[in-house]
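Structure assessment
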Amino acid sequence: MAKFYLTTPIYYVNDAPHVGHAYTTVTADAVCRWHRLLGDDVLFLTGTDEYGLKNSQAAEAQGVHPQLLADRNSERFRAAWDSLDIAYDDFIRTTEARHGNAVQAFLQVIYDNGDIERDTYQGLYCVACEAYYTPDELVDGNCPIHGRPVQLLTEENWFFRLSRYQQRLLDYFEAHPDAVIPPTRRNEVLGFIRQGLADISISRSSFDWGVPLPWDPAHVAWVWFDALPNYLTAAGYRTDSERFAHWWPADYHLVGKDILRFHAVYWPAMLMAAGLDPPRCVASHGWLLVSGEKMSKTRLNQIAPGDLVADFGSDATRYHLLREVTFGSDGDFSYEAMVARYNADLANNLGNLLSRVATIVATKCAGVGPPPRPQSPLASVAAEVYAATADGWGRLVPSDALEATWRLIREANAHLEANEPWKAEPGTAVDAVMGDALEALRIVAVLASPALPHAAADVWRRLGLPGSPVDQRLPAAAAWGGYPGGLPVEKGTPLFPRRK
Ligand code: MSP
(Lines give C-alpha, C1' and ligand atoms only; values in the text may rest on other atoms or scores of the structure.)
Protein backbone atom coordinates (compact mmCIF):
# COMPACT_ATOMS: atom_id res chain seq x y z
CA MET A 1 0.00 0.00 0.00
CA ALA A 2 1.46 3.35 -1.06
CA LYS A 3 1.54 6.16 1.47
CA PHE A 4 0.23 9.53 0.37
CA TYR A 5 0.87 12.58 2.53
CA LEU A 6 -0.70 15.80 1.31
CA THR A 7 -0.92 19.18 3.01
CA THR A 8 -2.73 22.49 2.53
CA PRO A 9 -1.12 25.70 3.73
CA ILE A 10 -2.08 26.49 7.30
CA TYR A 11 -4.30 29.55 7.23
CA TYR A 12 -3.70 32.76 9.16
CA VAL A 13 -6.27 33.34 11.86
CA ASN A 14 -6.33 37.12 11.49
CA ASP A 15 -9.71 36.80 9.77
CA ALA A 16 -12.40 34.42 8.57
CA PRO A 17 -12.01 31.84 5.77
CA HIS A 18 -12.96 32.90 2.23
CA VAL A 19 -13.57 31.04 -1.00
CA GLY A 20 -9.89 31.40 -2.01
CA HIS A 21 -8.93 29.28 1.01
CA ALA A 22 -11.76 26.88 0.25
CA TYR A 23 -10.41 26.42 -3.26
CA THR A 24 -7.09 25.01 -1.98
CA THR A 25 -8.71 22.94 0.72
CA VAL A 26 -11.38 21.42 -1.51
CA THR A 27 -8.74 20.54 -4.10
CA ALA A 28 -6.64 18.88 -1.41
CA ASP A 29 -9.65 16.99 -0.08
CA ALA A 30 -10.73 15.71 -3.49
CA VAL A 31 -7.21 14.57 -4.40
CA CYS A 32 -6.95 12.73 -1.07
CA ARG A 33 -10.34 11.11 -1.61
CA TRP A 34 -9.14 9.90 -4.99
CA HIS A 35 -6.05 8.36 -3.39
CA ARG A 36 -8.19 6.64 -0.77
CA LEU A 37 -10.18 5.08 -3.63
CA LEU A 38 -6.87 3.83 -5.02
CA GLY A 39 -6.30 2.13 -1.67
CA ASP A 40 -3.43 4.41 -0.66
CA ASP A 41 -2.61 5.07 2.96
CA VAL A 42 -3.51 8.78 3.13
CA LEU A 43 -2.52 11.50 5.57
CA PHE A 44 -4.35 14.73 4.77
CA LEU A 45 -3.23 17.66 6.90
CA THR A 46 -4.67 21.15 7.22
CA GLY A 47 -4.74 23.67 10.03
CA THR A 48 -4.17 27.24 11.16
CA ASP A 49 -1.12 29.48 11.43
CA GLU A 50 -1.57 31.39 14.68
CA TYR A 51 1.64 33.20 15.66
CA GLY A 52 3.37 36.22 14.16
CA LEU A 53 2.92 39.95 13.83
CA LYS A 54 -0.03 39.82 11.47
CA ASN A 55 -2.14 37.75 13.87
CA SER A 56 -1.05 39.70 16.92
CA GLN A 57 -1.83 43.05 15.24
CA ALA A 58 -5.28 41.78 14.28
CA ALA A 59 -5.90 40.73 17.88
CA GLU A 60 -4.75 44.10 19.14
CA ALA A 61 -7.08 45.90 16.74
CA GLN A 62 -9.95 43.88 18.18
CA GLY A 63 -8.77 44.37 21.74
CA VAL A 64 -8.41 40.65 22.46
CA HIS A 65 -5.51 38.38 23.36
CA PRO A 66 -4.03 36.75 20.24
CA GLN A 67 -4.77 33.32 21.65
CA LEU A 68 -8.44 34.19 21.94
CA LEU A 69 -8.54 35.45 18.37
CA ALA A 70 -6.74 32.29 17.26
CA ASP A 71 -9.20 30.07 19.14
CA ARG A 72 -12.15 31.87 17.61
CA ASN A 73 -10.96 32.02 14.05
CA SER A 74 -9.40 28.58 13.98
CA GLU A 75 -12.87 27.33 14.86
CA ARG A 76 -14.33 29.24 11.91
CA PHE A 77 -11.93 27.47 9.55
CA ARG A 78 -12.91 24.14 11.04
CA ALA A 79 -16.60 24.98 10.67
CA ALA A 80 -16.11 26.03 7.04
CA TRP A 81 -14.30 22.77 6.30
CA ASP A 82 -17.01 20.75 8.02
CA SER A 83 -19.66 22.44 5.91
CA LEU A 84 -17.69 21.52 2.78
CA ASP A 85 -17.21 17.87 3.86
CA ILE A 86 -13.45 18.21 4.11
CA ALA A 87 -12.23 14.86 5.42
CA TYR A 88 -8.89 15.92 6.87
CA ASP A 89 -6.96 13.42 8.99
CA ASP A 90 -5.36 16.07 11.18
CA PHE A 91 -6.01 19.74 11.87
CA ILE A 92 -2.92 21.36 13.31
CA ARG A 93 -2.78 24.64 15.19
CA THR A 94 0.65 26.19 15.58
CA THR A 95 -0.11 27.29 19.17
CA GLU A 96 -0.48 23.65 20.23
CA ALA A 97 2.22 22.31 22.54
CA ARG A 98 3.01 19.42 20.18
CA HIS A 99 3.97 21.97 17.56
CA GLY A 100 5.97 24.34 19.78
CA ASN A 101 8.08 21.40 20.91
CA ALA A 102 8.71 20.20 17.37
CA VAL A 103 9.67 23.71 16.19
CA GLN A 104 12.14 24.11 19.03
CA ALA A 105 13.70 20.73 18.32
CA PHE A 106 13.94 21.58 14.61
CA LEU A 107 15.52 25.01 15.29
CA GLN A 108 18.00 23.50 17.71
CA VAL A 109 19.21 20.95 15.16
CA ILE A 110 19.83 23.68 12.57
CA TYR A 111 21.52 25.87 15.20
CA ASP A 112 23.73 23.00 16.31
CA ASN A 113 24.65 22.36 12.68
CA GLY A 114 25.90 25.95 12.48
CA ASP A 115 23.37 27.34 10.01
CA ILE A 116 21.71 29.82 12.38
CA GLU A 117 23.91 32.74 13.43
CA ARG A 118 23.52 36.23 14.90
CA ASP A 119 23.68 39.24 12.57
CA THR A 120 22.28 42.72 11.87
CA TYR A 121 19.85 43.32 9.06
CA GLN A 122 18.14 46.28 7.51
CA GLY A 123 15.38 45.77 5.00
CA LEU A 124 11.94 46.62 3.65
CA TYR A 125 9.30 44.61 5.46
CA CYS A 126 5.68 43.91 4.54
CA VAL A 127 3.68 42.92 7.61
CA ALA A 128 0.86 41.42 5.52
CA CYS A 129 3.39 39.02 3.92
CA GLU A 130 5.53 38.78 7.03
CA ALA A 131 8.53 39.01 4.71
CA TYR A 132 11.29 41.32 3.51
CA TYR A 133 11.53 42.61 -0.06
CA THR A 134 14.41 44.08 -2.01
CA PRO A 135 13.81 47.56 -3.51
CA ASP A 136 13.51 46.20 -7.05
CA GLU A 137 10.81 43.72 -6.04
CA LEU A 138 8.48 46.55 -5.00
CA VAL A 139 5.76 47.82 -7.32
CA ASP A 140 5.49 51.62 -7.18
CA GLY A 141 7.30 51.44 -3.86
CA ASN A 142 4.67 49.09 -2.42
CA CYS A 143 4.50 45.39 -1.57
CA PRO A 144 4.09 43.44 -4.86
CA ILE A 145 1.42 41.19 -3.30
CA HIS A 146 -0.61 43.56 -1.16
CA GLY A 147 0.05 46.89 -2.83
CA ARG A 148 0.62 48.41 0.59
CA PRO A 149 3.60 50.43 1.88
CA VAL A 150 6.54 48.52 3.32
CA GLN A 151 8.52 49.56 6.42
CA LEU A 152 12.25 50.01 6.74
CA LEU A 153 13.30 47.76 9.64
CA THR A 154 16.69 47.33 11.27
CA GLU A 155 17.03 44.26 13.41
CA GLU A 156 19.74 42.49 15.26
CA ASN A 157 18.57 39.01 14.80
CA TRP A 158 19.26 35.38 14.28
CA PHE A 159 19.84 34.50 10.65
CA PHE A 160 19.43 31.31 8.73
CA ARG A 161 22.35 30.91 6.33
CA LEU A 162 20.18 30.36 3.27
CA SER A 163 23.02 31.60 1.04
CA ARG A 164 24.92 28.39 1.77
CA TYR A 165 22.17 26.36 0.11
CA GLN A 166 22.03 27.98 -3.30
CA GLN A 167 23.99 25.29 -5.13
CA ARG A 168 22.46 22.42 -3.20
CA LEU A 169 18.99 23.66 -4.08
CA LEU A 170 19.88 24.00 -7.75
CA ASP A 171 21.35 20.50 -7.75
CA TYR A 172 18.25 19.21 -6.02
CA PHE A 173 15.86 20.73 -8.57
CA GLU A 174 18.06 19.52 -11.40
CA ALA A 175 17.84 15.95 -10.07
CA HIS A 176 14.08 16.22 -9.30
CA PRO A 177 12.36 17.86 -12.26
CA ASP A 178 8.89 17.31 -10.74
CA ALA A 179 9.68 18.81 -7.35
CA VAL A 180 7.75 21.96 -8.27
CA ILE A 181 4.70 21.93 -10.54
CA PRO A 182 3.52 23.30 -12.91
CA PRO A 183 6.75 23.85 -14.94
CA THR A 184 6.21 27.63 -15.18
CA ARG A 185 6.41 27.81 -11.40
CA ARG A 186 9.47 25.59 -11.35
CA ASN A 187 11.19 28.02 -13.71
CA GLU A 188 10.21 30.90 -11.47
CA VAL A 189 11.76 29.12 -8.48
CA LEU A 190 14.97 28.34 -10.40
CA GLY A 191 15.19 31.96 -11.55
CA PHE A 192 14.83 33.18 -7.99
CA ILE A 193 17.56 30.85 -6.72
CA ARG A 194 19.93 31.75 -9.56
CA GLN A 195 19.63 35.47 -8.73
CA GLY A 196 21.45 34.65 -5.50
CA LEU A 197 20.04 33.82 -2.10
CA ALA A 198 20.49 36.16 0.85
CA ASP A 199 20.50 34.90 4.43
CA ILE A 200 17.14 35.31 6.13
CA SER A 201 16.31 36.77 9.49
CA ILE A 202 14.45 34.09 11.41
CA SER A 203 13.81 35.66 14.79
CA ARG A 204 11.99 38.66 16.25
CA SER A 205 12.56 40.38 19.57
CA SER A 206 10.13 43.30 19.09
CA PHE A 207 7.12 41.19 20.10
CA ASP A 208 6.65 37.88 21.84
CA TRP A 209 3.74 36.17 20.05
CA GLY A 210 5.71 33.19 18.77
CA VAL A 211 7.83 30.18 19.64
CA PRO A 212 10.88 31.20 21.74
CA LEU A 213 14.27 30.22 20.35
CA PRO A 214 15.55 27.46 22.65
CA TRP A 215 19.02 29.04 23.00
CA ASP A 216 17.80 32.69 23.21
CA PRO A 217 14.28 32.94 24.64
CA ALA A 218 14.30 36.75 24.30
CA HIS A 219 13.62 36.06 20.60
CA VAL A 220 10.67 34.29 19.04
CA ALA A 221 10.92 32.45 15.76
CA TRP A 222 9.88 34.32 12.60
CA VAL A 223 6.37 33.15 11.81
CA TRP A 224 7.38 31.28 8.63
CA PHE A 225 10.10 29.42 10.47
CA ASP A 226 7.49 28.25 12.90
CA ALA A 227 4.72 27.68 10.32
CA LEU A 228 6.51 25.53 7.76
CA PRO A 229 7.55 22.84 10.27
CA ASN A 230 3.84 22.13 10.95
CA TYR A 231 4.23 19.57 8.18
CA LEU A 232 6.86 17.81 10.29
CA THR A 233 4.96 18.01 13.58
CA ALA A 234 1.92 16.24 12.16
CA ALA A 235 4.12 13.49 10.72
CA GLY A 236 5.53 12.71 14.18
CA TYR A 237 8.84 14.60 14.00
CA ARG A 238 10.78 14.06 17.23
CA THR A 239 7.87 12.32 18.96
CA ASP A 240 7.34 9.14 16.98
CA SER A 241 10.26 8.09 14.81
CA GLU A 242 8.45 5.15 13.24
CA ARG A 243 5.51 7.33 12.23
CA PHE A 244 7.84 10.00 10.95
CA ALA A 245 9.84 7.52 8.86
CA HIS A 246 6.57 6.32 7.35
CA TRP A 247 5.16 9.72 6.34
CA TRP A 248 8.17 11.90 5.63
CA PRO A 249 8.88 13.34 3.08
CA ALA A 250 5.46 14.78 2.31
CA ASP A 251 4.19 13.84 -1.15
CA TYR A 252 2.47 17.15 -1.93
CA HIS A 253 2.38 20.58 -0.42
CA LEU A 254 -0.47 22.45 -2.13
CA VAL A 255 0.25 26.17 -2.08
CA GLY A 256 -0.90 29.38 -3.72
CA LYS A 257 1.60 31.10 -5.98
CA ASP A 258 2.08 33.86 -3.40
CA ILE A 259 3.68 31.44 -0.95
CA LEU A 260 5.67 29.40 -3.45
CA ARG A 261 9.03 30.91 -2.51
CA PHE A 262 8.60 29.93 1.13
CA HIS A 263 7.75 26.36 0.23
CA ALA A 264 10.06 25.76 -2.71
CA VAL A 265 13.17 27.68 -1.65
CA TYR A 266 13.28 28.37 2.08
CA TRP A 267 11.62 25.16 3.21
CA PRO A 268 13.78 22.66 1.28
CA ALA A 269 16.88 24.53 2.49
CA MET A 270 15.65 24.46 6.10
CA LEU A 271 15.03 20.73 5.79
CA MET A 272 18.45 20.14 4.27
CA ALA A 273 19.99 22.11 7.14
CA ALA A 274 18.19 19.81 9.58
CA GLY A 275 19.31 16.71 7.71
CA LEU A 276 15.83 15.92 6.36
CA ASP A 277 14.53 15.26 2.86
CA PRO A 278 12.67 18.04 1.01
CA PRO A 279 9.01 17.41 0.08
CA ARG A 280 8.49 15.30 -3.02
CA CYS A 281 6.42 17.99 -4.75
CA VAL A 282 5.28 21.54 -4.17
CA ALA A 283 2.19 22.09 -6.31
CA SER A 284 1.43 25.74 -6.85
CA HIS A 285 -1.97 27.01 -7.89
CA GLY A 286 -3.22 30.37 -9.04
CA TRP A 287 -5.67 32.71 -7.39
CA LEU A 288 -9.40 32.93 -7.47
CA LEU A 289 -10.12 36.43 -8.64
CA VAL A 290 -13.21 38.55 -8.15
CA SER A 291 -13.56 41.01 -11.01
CA GLY A 292 -9.89 40.47 -11.82
CA GLU A 293 -8.60 41.02 -8.27
CA LYS A 294 -7.31 38.47 -5.78
CA MET A 295 -9.92 37.62 -3.19
CA SER A 296 -8.31 38.60 0.06
CA LYS A 297 -8.82 39.84 3.55
CA THR A 298 -6.84 42.95 2.73
CA ARG A 299 -9.00 43.88 -0.28
CA LEU A 300 -12.35 43.19 1.38
CA ASN A 301 -13.74 41.33 -1.60
CA GLN A 302 -14.09 37.99 0.09
CA ILE A 303 -16.90 35.52 -0.36
CA ALA A 304 -17.53 33.27 2.63
CA PRO A 305 -17.58 29.55 1.76
CA GLY A 306 -20.56 29.14 4.11
CA ASP A 307 -22.67 31.49 1.97
CA LEU A 308 -22.10 29.40 -1.14
CA VAL A 309 -22.78 26.16 0.73
CA ALA A 310 -26.03 27.62 2.12
CA ASP A 311 -27.07 28.56 -1.40
CA PHE A 312 -25.79 25.68 -3.55
CA GLY A 313 -25.00 22.89 -1.08
CA SER A 314 -21.62 21.38 -0.35
CA ASP A 315 -21.34 19.13 -3.42
CA ALA A 316 -22.14 21.84 -5.96
CA THR A 317 -19.76 24.30 -4.29
CA ARG A 318 -16.99 21.73 -4.30
CA TYR A 319 -17.72 20.81 -7.90
CA HIS A 320 -17.58 24.41 -9.04
CA LEU A 321 -14.26 25.13 -7.34
CA LEU A 322 -12.73 21.97 -8.78
CA ARG A 323 -14.15 22.24 -12.27
CA GLU A 324 -14.07 25.94 -13.03
CA VAL A 325 -10.40 26.74 -12.49
CA THR A 326 -7.52 24.84 -14.08
CA PHE A 327 -5.09 24.06 -11.26
CA GLY A 328 -2.07 26.28 -11.70
CA SER A 329 -3.82 29.18 -13.43
CA ASP A 330 -5.80 32.08 -12.02
CA GLY A 331 -9.55 31.87 -12.41
CA ASP A 332 -12.37 34.33 -12.05
CA PHE A 333 -15.07 33.52 -9.57
CA SER A 334 -18.54 34.61 -10.57
CA TYR A 335 -21.96 33.73 -9.30
CA GLU A 336 -23.38 33.67 -12.86
CA ALA A 337 -20.73 31.18 -14.00
CA MET A 338 -21.49 29.04 -10.97
CA VAL A 339 -25.22 28.93 -11.77
CA ALA A 340 -24.52 28.18 -15.44
CA ARG A 341 -22.17 25.32 -14.66
CA TYR A 342 -24.48 23.95 -12.00
CA ASN A 343 -27.36 23.82 -14.47
CA ALA A 344 -25.29 22.38 -17.32
CA ASP A 345 -23.16 19.77 -15.56
CA LEU A 346 -25.06 18.84 -12.43
CA ALA A 347 -28.76 19.44 -13.13
CA ASN A 348 -28.83 18.64 -16.86
CA ASN A 349 -26.09 16.08 -17.39
CA LEU A 350 -25.79 14.08 -14.19
CA GLY A 351 -29.18 14.81 -12.63
CA ASN A 352 -31.05 14.14 -15.87
CA LEU A 353 -29.27 10.88 -16.55
CA LEU A 354 -30.20 9.56 -13.13
CA SER A 355 -33.82 10.67 -13.27
CA ARG A 356 -34.31 9.37 -16.80
CA VAL A 357 -32.79 6.01 -15.97
CA ALA A 358 -34.79 5.65 -12.76
CA THR A 359 -38.03 6.65 -14.51
CA ILE A 360 -37.59 4.19 -17.38
CA VAL A 361 -36.54 1.37 -15.05
CA ALA A 362 -39.70 2.09 -13.01
CA THR A 363 -42.02 2.03 -16.02
CA LYS A 364 -40.38 -0.52 -18.32
CA CYS A 365 -38.43 -2.83 -15.98
CA ALA A 366 -40.83 -2.99 -12.99
CA GLY A 367 -38.40 -0.92 -10.92
CA VAL A 368 -35.69 -3.58 -10.99
CA GLY A 369 -32.38 -2.69 -12.64
CA PRO A 370 -31.19 -5.13 -15.34
CA PRO A 371 -27.50 -6.10 -15.61
CA PRO A 372 -25.25 -4.44 -18.25
CA ARG A 373 -24.09 -6.17 -21.43
CA PRO A 374 -20.44 -7.21 -21.48
CA GLN A 375 -20.23 -5.99 -25.11
CA SER A 376 -21.95 -2.66 -24.53
CA PRO A 377 -20.69 0.23 -26.67
CA LEU A 378 -20.32 2.12 -23.39
CA ALA A 379 -17.78 -0.41 -22.05
CA SER A 380 -14.86 0.95 -24.07
CA VAL A 381 -15.92 4.53 -23.30
CA ALA A 382 -15.87 3.69 -19.59
CA ALA A 383 -12.33 2.29 -19.88
CA GLU A 384 -11.10 5.44 -21.64
CA VAL A 385 -12.91 7.64 -19.15
CA TYR A 386 -11.30 5.84 -16.22
CA ALA A 387 -7.82 6.26 -17.70
CA ALA A 388 -8.36 9.97 -18.38
CA THR A 389 -9.94 10.58 -14.97
CA ALA A 390 -7.06 8.83 -13.20
CA ASP A 391 -4.60 10.85 -15.24
CA GLY A 392 -6.29 14.14 -14.29
CA TRP A 393 -6.31 13.41 -10.55
CA GLY A 394 -2.78 12.02 -10.78
CA ARG A 395 -1.53 15.26 -12.34
CA LEU A 396 -3.45 17.27 -9.74
CA VAL A 397 -5.68 18.85 -12.35
CA PRO A 398 -9.20 18.20 -11.02
CA SER A 399 -10.84 20.11 -13.89
CA ASP A 400 -9.37 17.60 -16.37
CA ALA A 401 -10.39 14.66 -14.19
CA LEU A 402 -13.98 15.87 -13.94
CA GLU A 403 -14.21 16.73 -17.60
CA ALA A 404 -13.13 13.17 -18.35
CA THR A 405 -15.70 11.66 -15.98
CA TRP A 406 -18.47 13.83 -17.46
CA ARG A 407 -17.77 12.31 -20.86
CA LEU A 408 -19.24 9.04 -19.60
CA ILE A 409 -22.37 10.89 -18.45
CA ARG A 410 -22.77 12.55 -21.84
CA GLU A 411 -22.22 9.30 -23.72
CA ALA A 412 -24.69 7.46 -21.50
CA ASN A 413 -27.28 10.17 -22.19
CA ALA A 414 -26.52 9.92 -25.91
CA HIS A 415 -26.85 6.13 -25.72
CA LEU A 416 -30.35 6.54 -24.30
CA GLU A 417 -31.31 9.07 -26.96
CA ALA A 418 -30.02 6.82 -29.74
CA ASN A 419 -32.00 3.83 -28.48
CA GLU A 420 -35.12 5.62 -27.17
CA PRO A 421 -36.05 2.94 -24.63
CA TRP A 422 -38.99 5.11 -23.51
CA LYS A 423 -40.68 4.37 -26.85
CA ALA A 424 -40.06 0.59 -26.81
CA GLU A 425 -42.12 -2.19 -25.27
CA PRO A 426 -40.65 -3.77 -22.13
CA GLY A 427 -38.36 -6.66 -22.99
CA THR A 428 -34.78 -7.67 -23.72
CA ALA A 429 -33.91 -4.67 -25.88
CA VAL A 430 -34.98 -2.15 -23.22
CA ASP A 431 -33.30 -4.19 -20.48
CA ALA A 432 -30.03 -4.17 -22.39
CA VAL A 433 -29.99 -0.40 -22.84
CA MET A 434 -31.00 0.23 -19.23
CA GLY A 435 -28.44 -2.19 -17.83
CA ASP A 436 -25.74 -0.30 -19.71
CA ALA A 437 -26.97 3.06 -18.43
CA LEU A 438 -27.14 1.80 -14.84
CA GLU A 439 -23.60 0.49 -15.10
CA ALA A 440 -22.39 3.83 -16.48
CA LEU A 441 -24.05 5.57 -13.53
CA ARG A 442 -22.42 3.16 -11.09
CA ILE A 443 -18.97 3.94 -12.52
CA VAL A 444 -19.72 7.68 -12.57
CA ALA A 445 -20.72 7.50 -8.90
CA VAL A 446 -17.31 6.06 -8.00
CA LEU A 447 -15.29 8.39 -10.24
CA ALA A 448 -17.18 11.54 -9.22
CA SER A 449 -17.18 10.73 -5.51
CA PRO A 450 -14.01 12.71 -4.69
CA ALA A 451 -15.79 15.84 -5.92
CA LEU A 452 -19.40 15.04 -4.99
CA PRO A 453 -19.33 12.77 -1.94
CA HIS A 454 -23.05 13.20 -1.11
CA ALA A 455 -24.47 12.94 -4.61
CA ALA A 456 -22.25 9.94 -5.37
CA ALA A 457 -23.51 8.13 -2.27
CA ASP A 458 -27.07 9.05 -3.21
CA VAL A 459 -26.74 7.70 -6.76
CA TRP A 460 -25.20 4.52 -5.36
CA ARG A 461 -28.09 4.01 -2.95
CA ARG A 462 -30.73 4.76 -5.59
CA LEU A 463 -29.20 2.12 -7.88
CA GLY A 464 -29.85 -0.35 -5.04
CA LEU A 465 -26.13 -1.01 -4.51
CA PRO A 466 -24.95 -2.04 -1.05
CA GLY A 467 -22.30 -0.01 0.82
CA SER A 468 -21.16 3.30 -0.66
CA PRO A 469 -18.71 4.66 -3.25
CA VAL A 470 -16.07 5.42 -0.61
CA ASP A 471 -15.79 1.69 0.16
CA GLN A 472 -14.88 0.95 -3.46
CA ARG A 473 -11.34 0.33 -4.68
CA LEU A 474 -9.93 1.39 -8.00
CA PRO A 475 -9.21 0.27 -10.64
CA ALA A 476 -11.50 -2.75 -9.96
CA ALA A 477 -14.55 -0.58 -9.19
CA ALA A 478 -14.28 1.16 -12.56
CA ALA A 479 -14.17 -2.08 -14.55
CA TRP A 480 -17.21 -2.58 -16.78
CA GLY A 481 -19.73 -5.14 -15.47
CA GLY A 482 -19.86 -4.34 -11.76
CA TYR A 483 -23.59 -3.61 -11.62
CA PRO A 484 -25.08 -7.01 -10.80
CA GLY A 485 -28.65 -6.31 -11.93
CA GLY A 486 -31.72 -7.47 -10.04
CA LEU A 487 -31.57 -4.52 -7.65
CA PRO A 488 -34.45 -2.15 -6.85
CA VAL A 489 -33.90 1.27 -8.44
CA GLU A 490 -35.35 4.29 -6.67
CA LYS A 491 -36.70 7.32 -8.48
CA GLY A 492 -36.56 9.92 -5.73
CA THR A 493 -36.48 13.68 -6.08
CA PRO A 494 -34.12 15.50 -8.50
CA LEU A 495 -30.50 15.11 -7.44
CA PHE A 496 -29.66 18.71 -8.45
CA PRO A 497 -32.84 20.74 -9.02
CA ARG A 498 -32.43 23.24 -11.87
CA ARG A 499 -31.75 26.82 -10.83
CA LYS A 500 -33.09 30.00 -12.35
N1 MSP B 1 -0.14 31.20 6.88
C2 MSP B 1 0.42 31.27 5.58
C3 MSP B 1 0.74 29.89 5.04
C4 MSP B 1 1.68 29.09 5.90
S5 MSP B 1 1.93 27.50 5.24
C6 MSP B 1 3.15 26.85 6.18
C7 MSP B 1 -0.57 31.95 4.62
N8 MSP B 1 -1.83 31.98 5.02
S9 MSP B 1 -3.03 32.68 4.21
O10 MSP B 1 -4.20 32.44 5.00
O11 MSP B 1 -2.71 34.04 3.92
O12 MSP B 1 -3.11 31.98 2.82
C13 MSP B 1 -3.17 30.59 2.74
C14 MSP B 1 -3.38 30.10 1.33
O15 MSP B 1 -4.58 30.60 0.79
C16 MSP B 1 -2.27 30.49 0.36
O17 MSP B 1 -1.89 29.33 -0.38
C18 MSP B 1 -2.92 31.46 -0.57
O19 MSP B 1 -2.42 31.36 -1.87
C20 MSP B 1 -4.35 30.95 -0.53
N21 MSP B 1 -5.24 31.98 -0.98
C22 MSP B 1 -5.51 33.17 -0.37
N23 MSP B 1 -6.32 33.88 -1.20
C24 MSP B 1 -6.55 33.19 -2.33
C25 MSP B 1 -7.30 33.39 -3.47
N26 MSP B 1 -7.99 34.47 -3.67
N27 MSP B 1 -7.33 32.38 -4.38
C28 MSP B 1 -6.68 31.19 -4.19
N29 MSP B 1 -5.96 30.99 -3.13
C30 MSP B 1 -5.83 31.99 -2.21
O31 MSP B 1 -0.16 32.41 3.58
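Residues numbered from 1 in each chain as written. Predicted model: local features only at pLDDT ≥ 70, side-chain atom pairs only at ≥ 80, totals over all residues. Heavy atoms only, no water.

1. Focus on the overall build of the protein
A count of helical and extended segments in the protein gives 17 helices and 19 strands. Compactness check: the protein gives a C-alpha radius of gyration of 25 Å against a globular reference of 23 Å for 500 residues, within 12% of the reference. Within the protein, the fraction of its 500 residues that count as buried is 60%. The contacts in the protein between residues at least 6 apart in sequence include a share of 78% that link residues at least 24 apart. When the accessible surface of the protein is totalled, it reaches about 19,400 Å², and 51% of it is carbon and sulfur. The protein carries 44 positive and 60 negative side-chain charges, and their two centres are separated by 4 Å. (Helix = DSSP H or I, 4+ residues; strand = E, 2+ residues; numbered from the N terminus. Rg over C-alpha atoms; globule rule 2.2 N^0.38 Å. Buried < 20%, exposed > 50% of the residue type's maximum accessible area, 1.4 Å probe, protein only. Contact = heavy atoms within 4.5 Å. Areas by Shrake-Rupley, 256 points an atom, 1.4 Å probe, with all protein chains shown as cover. Lys, Arg positive; Asp, Glu negative; His and termini not counted. Charge placed at Lys NZ, Arg CZ, Asp CG, Glu CD.)

2. Looking at the site of the ligand
By nearness alone, 25 residues border the ligand, and I10, D49, G256, D258 and L288 come closest of all. The separation between a nitrogen atom of the ligand and a polar main-chain atom of L288 is 2.8 Å. If the ligand stood free it would expose 660 Å²; the protein chains cover 96% of that surface. (Near = heavy atom within 4 Å. Polar contact = N/O pair within 3.5 Å; in protein donor to acceptor, adjacent residues only side chain to side chain.)

3. Here we look at the sheet that holds strand β17 (residues 331-332)
Strand order in the open sheet formed by 3 strands is β16-β15-β17, and the pairing between neighbours is mixed. A single partner strand is all that each edge strand has here, and the edge strands are β16 (293-294) and β17. As judged from the 2 bridges shared by strand β15 (residues 288-290) and β16, these two strands associate in the antiparallel manner. Within β16, the residue paired with V290 across the bridge is E293. (Pairing = 2+ DSSP bridges.)

4. Some remarks on the sheet that holds strand β9 (residues 200-201)
If you walk across this open sheet you meet the 4 strands as β6-β5-β7-β9, and the pairing is antiparallel. A single partner strand is all that each edge strand has here, and the edge strands are β6 (131-133) and β9. In the sheet, strand β5 (residues 116-126) pairs with strand β7 (residues 151-160) via 10 bridges, with the strands oriented antiparallel. Paired with Y121 across the bridge in β7 is E155.

5. Description of the state of the cysteines
Under the definition given, this model contains 0 disulfides. With no disulfide of its own, C32 has C281 as its nearest cysteine by sulfur position, at a separation of 13 Å. Taking relative accessible area as the criterion, C32 reaches 0% and is therefore assigned buried. Not engaged in a disulfide, the cysteine C129 finds its nearest cysteine sulfur in C143; these two sulfurs lie 3.7 Å apart. Under the relative-accessibility criterion, C129 is labelled buried at 10%. (Disulfide = S-S within 2.5 Å.)

6. Topic: the packing of helix α12 (residues 314-324) against helix α13 (residues 335-364)
Where α12 contacts α13, the two axes come as close as 10 Å, and the packing angle between them is 100°. Judged on the interaxial angle alone, α13 and α12 are roughly perpendicular. Each of A316, T317, Y319, H320, R323 and E324 in α12 lies in contact with α13, whose residues at this interface are A337, M338, R341, Y342, D345 and L346. (Axes fitted to C-alpha atoms, helices over the stretch in contact; angles between N-to-C directions. Parallel < 35°, antiparallel > 145°, perpendicular 65-115°, else oblique.)

7. Thoughts on α12
An α-helical segment advances 3.6 residues per turn. Residues three or four places apart therefore align on the same side. Here α12 lies mainly inside the structure; 10 of its 11 residues are buried. Those residues of α12 not exposed but buried are S314, D315, A316, T317, R318, Y319, H320, L321, L322 and R323.

8. Here we look at the pattern of salt bridges
Evaluated as defined, the whole model comprises 34 salt bridges. Between R93 and D71 there is a salt bridge, and its shortest N-O distance comes to 2.7 Å. Here R93 is found in strand β4 (residues 90-93), whereas its partner D71 is found in helix α3 (residues 66-83), with 22 residues between them in sequence. On the accessibility criterion, D71 (33% relative accessible area) is partly exposed. As a salt-bridge pair, R407 and E411 come within 3.2 Å of each other at their nearest N and O atoms. Pair noted here: R407 and E411 are both in helix α15 (residues 398-419), with a separation of 4 residues, about one helical turn. (Salt bridge = Lys/Arg side-chain N within 4 Å of Asp/Glu carboxyl O.)

By themselves, these are just geometric observations and shouldn't be taken as functional.
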